[in-house]
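Structural overview for review
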Amino acid sequence: MGLNGSEVTKDSADIVLMDDNFGTIIVAIEEGRRVFANIGKIMLHLLTNNFSLVIVLVFGLIYSFFVDDMIVFPLSPMQILWLNVVTDTPVNCALGNEPATPDIMA
């Protein structure tokens, strides 16, 4: 406990409650589960978005190999980075700040 505990127990503990309330642990666990769920949503979004980008690049390489006999990338590296920054950042911010579902503690 943060207010009544000794310094030895505070140093050896994994969790130190600063307000002597065990309900704080429940709130912290709920917040951790919310963060974990939101990270999963962000990773799913990033994987699907970048997978579609890889498909575009592969089709561009296949097209240039069979039609032009010269390797031409449909997107430059700077265009890929710009697309990732512009299209991923707002969505990931929204997914990261999404509130917890009602059954998160079930």
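Here the structure is shown first, and the text comes after it.
Residues numbered from 1 in each chain as written. Predicted model: local features only at pLDDT ≥ 70, side-chain atom pairs only at ≥ 80, totals over all residues. Heavy atoms only, no water.

Glancing now at the overall build of the protein chain. For the protein chain, the count of helices and strands is three helices and zero strands. In the protein chain, the order of α-helices and β-strands from amino to carboxyl end is α-α-α. With the principal axes as the frame, the protein chain shows a C-alpha extent of 75 × 30 × 20 Å. For the protein chain, buried positions account for 15% of its 106 residues. For the protein chain, contacts bridging at least 24 residues in sequence account for 53% of all contacts bridging at least 6. On the protein chain, roughly 8,200 Å² of surface is accessible, and the fraction owed to carbon and sulfur atoms is 73%. Separation of charge centres in the protein chain, based on 4 positive and 12 negative side chains, amounts to 8 Å. (Helix = DSSP H or I, 4+ residues; strand = E, 2+ residues; numbered from the N terminus. Buried < 20%, exposed > 50% of the residue type's maximum accessible area, 1.4 Å probe, protein only. Contact = heavy atoms within 4.5 Å. Areas by Shrake-Rupley, 256 points an atom, 1.4 Å probe, with all protein chains shown as cover. Lys, Arg positive; Asp, Glu negative; His and termini not counted. Charge placed at Lys NZ, Arg CZ, Asp CG, Glu CD.)

Now for helix α3 (residues 77–96). Helix length check: α3 (20 residues) gives 26 Å between terminal C-alpha atoms against 28 Å at 1.5 Å per residue, within 8%. Along α3, the helix axis deviates most sharply at aspartate 88, where the bend reaches about 35 degrees; the proline proline 90 sits within four residues downstream. Every buried residue of α3 is listed here: Ile80, Asp88, Asn92 and Leu95. Where α3 is buried, its residues touch α2 (23–68). (Expected span 1.5 Å × (residues − 1). Bend = angle between axes of the 7 residues up to and from the residue.)

Once that is clear, we can look at the pattern of salt bridges. Counted under the stated rule, the structure contains two salt bridges. Among the ionic pairs, glutamate 31 bridges to arginine 34, the shortest N-O distance being 2.7 Å. Of this pair, glutamate 31 and arginine 34 are both found in helix α2, three residues apart, which corresponds to roughly one turn of the helix. Note on arginine 34: relative accessible area 17%, which makes it buried. Its salt-bridge partner being glutamate 98, residue lysine 41 comes within 2.4 Å of it at the nearest N-O pair. Note that lysine 41 is positioned in helix α2 and glutamate 98 in the segment after α3, a separation of 57 residues in sequence. (Salt bridge = Lys/Arg side-chain N within 4 Å of Asp/Glu carboxyl O.)

Time to look at a nonpolar patch on the surface. Taken together, the side chains of Phe51, Val54, Ile55, Val58, Phe59, Ile62, Tyr63, Phe65, Phe66 and Val67 make up a nonpolar region of the molecular surface, amounting to roughly 1,100 Å² of accessible area. Take valine 67: it is sitting in helix α2. (Patch = residues over 30% accessible without salt bridge, like charges linked within 9 Å, V, L, I, M, F, W, Y side chains within 5 Å.)

What follows covers α2. Note: α-helices contain 3.6 residues per turn, so residues at a spacing of three or four share the same orientation. Look at α2: 67 Å from first C-alpha to last across 46 residues, which is about the 68 Å you get at 1.5 Å a residue. Those residues of α2 that fall on the buried side of the exposure criterion are Arg34, Asn38, Ile42, His45, Leu53, Leu57, Gly60 and Ser64. As for α2, its buried residues are in contact with α3. Phi turns positive, to about 55 degrees, at aspartate 69, one or two residues after α2.

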